[in-house]
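A closer look at the structure
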Amino acid sequence: MMMLLNTIQIDDTFAEAFNMRGTRVIITAQNLKWAYHAANAMTGFATSVIGCGVEAGIERELRTEETPDGRPGVSILMFAMGSKVLMQQLETRMGQCILTCPTAAAFSGIDGEDKISLGKHLRYFGDGFQTSKLIDGKRYWRIPVMDGEFITEETTGMVRAIGGGNFLILATSQPAALAAAEVAIEAMKKVPNVIMPFPGGVVRSGSKVGSKYKTMFASTNDAFCPTLKGATNTELSPEIESVMEIVIDGLTFEDIALSMKVGIEAICNLGAESGVKRISAGNYGGKLGPHLFKLHDILNGSNS
Amino acid sequence: MNALTFTLKNTLNFSVNCSVLTPNSLENKSITDIANIKVTYGNSTLLVSDLFEVTGSDSAHIVFKNPSNKMDYIGANMSSGKITIEGNAGAYLGFTMKSGEIHCTGSVESYAACNMVGGLLTIDANVGDFLGAGSEGLRKGMRGGTVIIKGNAGDRVGDQMRRGLILIEGNAGDYCGSRMIAGTIGVLGNVGAYTAFNMHRGTLLLKNTPSLHATVQDCGTHTLPYLSLLFKSFKKHNTPFSQLSSQRVQRFVGDAAYKGNGEILILNA
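As the structure is a prediction and not an experimental result, all values here were calculated from the model.

1. Let's talk about the overall build of chain A
When you go through chain A residue by residue, the secondary structure sums to 6 helices and 17 strands. For the C-alpha atoms alone, the extent of chain A along its principal axes is close to 65 × 45 × 35 Å. A buried classification covers 54% of the 304 residues belonging to chain A. In chain A, of all internal contacts separated by at least 6 residues, the share reaching a separation of at least 24 is 74%.

2. Things to note about the pattern of salt bridges
Enumeration over the complete set of coordinates arrives at 17 salt bridges over all chains. Between E65 of chain A and R63 of chain A there is a salt bridge whose closest N-O contact spans 3.1 Å. One salt bridge in this structure joins K236 of chain B and D136 of chain A, with 2.5 Å as the shortest N-O distance. Note that K236 of chain B is positioned in the loop between α4 (226-234) and β16 (248-254) and D136 of chain A in the loop between β8 (131-135) and β9 (138-145), a pairing that runs across two chains. It is possible to trace a salt-bridge network through shared partners that takes in R60, R63, E65 and E66 of chain A.

3. Overview of the pairing of strand β12 (residues 163-168) of chain B
Residue and element names in this part refer to chain B. With 5 bridges connecting them, strand β11 (residues 143-149) and β12 associate as parallel partners. Within the sheet, the bridge partner assigned to T146 lies in β12 and is L165. Across 4 bridges, β12 lies against strand β13 (residues 184-187) in parallel orientation. Paired with L165 across the two strands is T184, which belongs to β13.

4. Observations concerning unusual backbone geometry
Negative phi characterises most residues that are not glycine, and trans characterises most peptide bonds. Residue and element names in this part refer to chain B. The omega torsion across G254 and D255 is 0 degrees, close enough to zero to call that bond cis. The phi dihedral of T96 is positive, around 55 degrees, even though this residue is not glycine. By secondary structure assignment, the location of T96 is in the loop between β8 (82-85) and β9 (101-104). Positive phi, normally seen in glycine, also occurs at K259, with a value near 55 degrees. Relative to the elements of secondary structure, K259 occurs in the loop between β16 and β17 (262-267).

5. What about the domain arrangement of chain A?
Residue and element names in this part refer to chain A. We note that the domain assignment places domain 1 (3-16 + 161-300) and domain 2 (21-159) within chain A. On a C-alpha basis, the centres of domain 1 and domain 2 stand 30 Å from each other. Contacts between domain 1 and domain 2 engage 13 residues on the former and 16 residues on the latter. Counting the surface lost from both domain 1 and domain 2, the interface buries some 1,100 Å², and carbon and sulfur atoms represent 67% of this.

6. Overview of the environment of Y92 of chain B
Residues and elements named next belong to chain B. With respect to the helices and strands, the residue Y92 is situated in the loop between β8 and β9. When residues no more than four places from it in sequence are discounted, the contact partners of Y92 are Y73, I74, S110, Y111, A112, C114 and E136. For Y92, the side chain forms a polar contact with the side chain of E136, separated by 3.3 Å.

7. Looking at the layout of surface pockets
Residues and elements named next belong to chain A. Approximately 1,300 Å³ is the volume attributed to the largest pocket. Lining the largest pocket are 48 residues, and of these S205, G206, S207, E245 and Y284 lie nearest its centre. Of all the secondary-structure elements, those providing two or more residues to the lining of the largest pocket are β3 (14-28), α2 (49-52), β11 (155-171), β13 (207-209), β14 (218-220) and β15 (242-250). It is β15 that provides the largest number of residues to the lining of the largest pocket, a total of 6 residues. Classifying every residue of the lining of the largest pocket by side-chain character gives 22 nonpolar, 16 polar and 10 charged. Taken together, domain 1 (3-16 + 161-300) and domain 2 (21-159) each give at least three residues to the lining of the largest pocket, which thus spans both.

Parameters at a glance
Residues numbered from 1 in each chain as written. Chains lettered and ligands numbered in written order. Predicted model: local features only at pLDDT ≥ 70, side-chain atom pairs only at ≥ 80, totals over all residues. Heavy atoms only, no water. Helix = DSSP H or I, 4+ residues; strand = E, 2+ residues; numbered from the N terminus. Buried < 20%, exposed > 50% of the residue type's maximum accessible area, 1.4 Å probe, protein only. Contact = heavy atoms within 4.5 Å. Salt bridge = Lys/Arg side-chain N within 4 Å of Asp/Glu carboxyl O. Pairing = 2+ DSSP bridges. Domains from an automatic or database assignment. Buried area = accessible area lost by both parts, 1.4 Å probe. Polar contact = N/O pair within 3.5 Å; in protein donor to acceptor, adjacent residues only side chain to side chain. 1 Å grid on protein atoms, 1.4 Å probe; cavity = no way out; pocket = protein on both sides within 12 Å on 5 of 7 lines; lining within 4 Å. Points joined across faces, edges and corners; volume = space filled by probe spheres on them. Nonpolar A, V, L, I, M, F, W, Y, C, P; charged D, E, K, R; others polar.

Written out as structure tokens, the structure is:
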């Protein structure tokens with residue numbers, strides 16, 4: 001059935017998402033500037049599990065009264081396809097990005113049945129001078145470093161999560177597609193429990209499974225490449241000149257669905273003059289991922 | 001329901017072992033059953049009803065009225081509920097206490113919080129030696145929980161303490177934190193000689209600088225961010241420690257004679 005939202009067509013399709021393992025870490029520092037330095041490093045090169053191992057991003061800024069140590073901070077979410085990779089990546093990034101960042105500290109941001117190391121092994125950097133403190137049932141490690149002391153909680157929680165929620169913005173020009181994507185991202189940043197892991201939250205190189213080259217297991221999504229409209233089995237109408245994708249990872253199905261709804265509605269509120277013609281979504285025919293985010297249902301509030 | 005109340009009938013000539021009179025051990029027992037419980041009094045055995053008048057029914061809250069400093073082992077092995085002691089208590093108050101709350105409005109003899117594992121012990125007046133220590137023969141003292149002393153504490157506070165929190169609003173005696181393995185002891189008053197003797201790890205949080213022996217070394221004055229976490233945990237307690245906010249401290253480390261990595265932090269340095 002045809003759906004139009006403020007003249008923008010919403011395709012009767014769905015995003016296909018996968019089970020992941022996720023965690024949240026709270027990073028604090030002397031001020032927000034250094035909290036962001038630490039968080040940006042921690043979540044850098046974490047756009048896609050395909051090449052980065054994890055997908056990570058800054059969830060939101062935290063007020064001083066929301067952080068364990070009363071300093072400014074941000075929360076980050078990190079997702080991986082399995083618990084082992086998540087543990088490895090978290091420890092590596094803690095060691096190289098948080099331990100090294102002046103004044104930064106790291107704390108658990110989520111409870112879960114499964115616990116993974118935050119500072120449990122990192123403490124050995126203290127070379128015997130590290131000390132632990134058990135405060136209100138939580139164990140913290142104090143590691144002496146050159147700027148004073150690095151504080152980290154021993155573990156954080158690991159929970160079941162979902163990755164790969166997405167939608168596509170089809171517009172008449174590249175600037176129009178990107179401007180709409182930026183509006184969507186700004187709105188989606190206000191939704192808790194989700195991240196958009198790609199640069200600026202937007203991905204321009206959506207992929208399909210497989211390739212003509214044997215060594216490649218993913219390759220460009222030619223059906224949505226505007227310059228290939230005459231050369232491939234295109235999904236694009238003649239007026240579409242650019243497509244941007246927003247990928248969402250979240251802690252629950254509902255979180256991702258809400259994020260998609262907020263993002264799509266923000267774009268549709270721009271109207272026809274935005275240059276956006278259609279909103280679609282990427283999927284694999286519903287055969288690979290167990291979670292299907294149907295665009296019509298999400299926007300009608302009936303997705304489940 | 002009224003609190004289950006034990007009112008001491010007569011002055012005690014000998015120590016009485018009160019370890020069976022805890023909320024968890026008296027749960028679902030009738031007044032008659034409780035009155036017939038045997039307790040050790042000196043080298044003899046008496047019934048509870050011989051020593052106490054028993055009233056009330058809520059075993060989750062036990063009250064000792066007209067108590068004596070010869071009433072030992074109150075709250076021993078306690079794992080739930082609350083005990084209120086309206087006066088002084090004997091030795092080994094909260095011995096191996098696991099959970100729940102004990103509030104003593106008077107003073108307490110030695111070995112309070114001995115082998116304590118969890119829960120909250122509040123003493124409104126003074127306490128004797130070996131607060132939070134281990135019982136004879138054990139290599140570890142208190143292993144968890146929180147102890148708040150409104151008055152002064154005797155010698156050897158936290159001897160071989162392994163974990164937990166002791167907050168003393170008054171003074172502490174000699175050998176405070178001796179052989180301490182971990183945990184935190186705070187003292188707002190003065191401490192005696194030989195503080196941190198053979199201290200292994202853990203933290204002594206002191207308001208006043210003590211006279212320290214040569215094997216405790218000054219590491220300078222610092223701002224320690226972890227203190228915000230510690231002070232935050234004090235907020236829920238009714239104690240002047242909950243007012244602490246400055247993370248600026250002078251840090252001493254020792255006991256070097258024991259290759260120790262314990263720390264003495266002097267507040268408001």
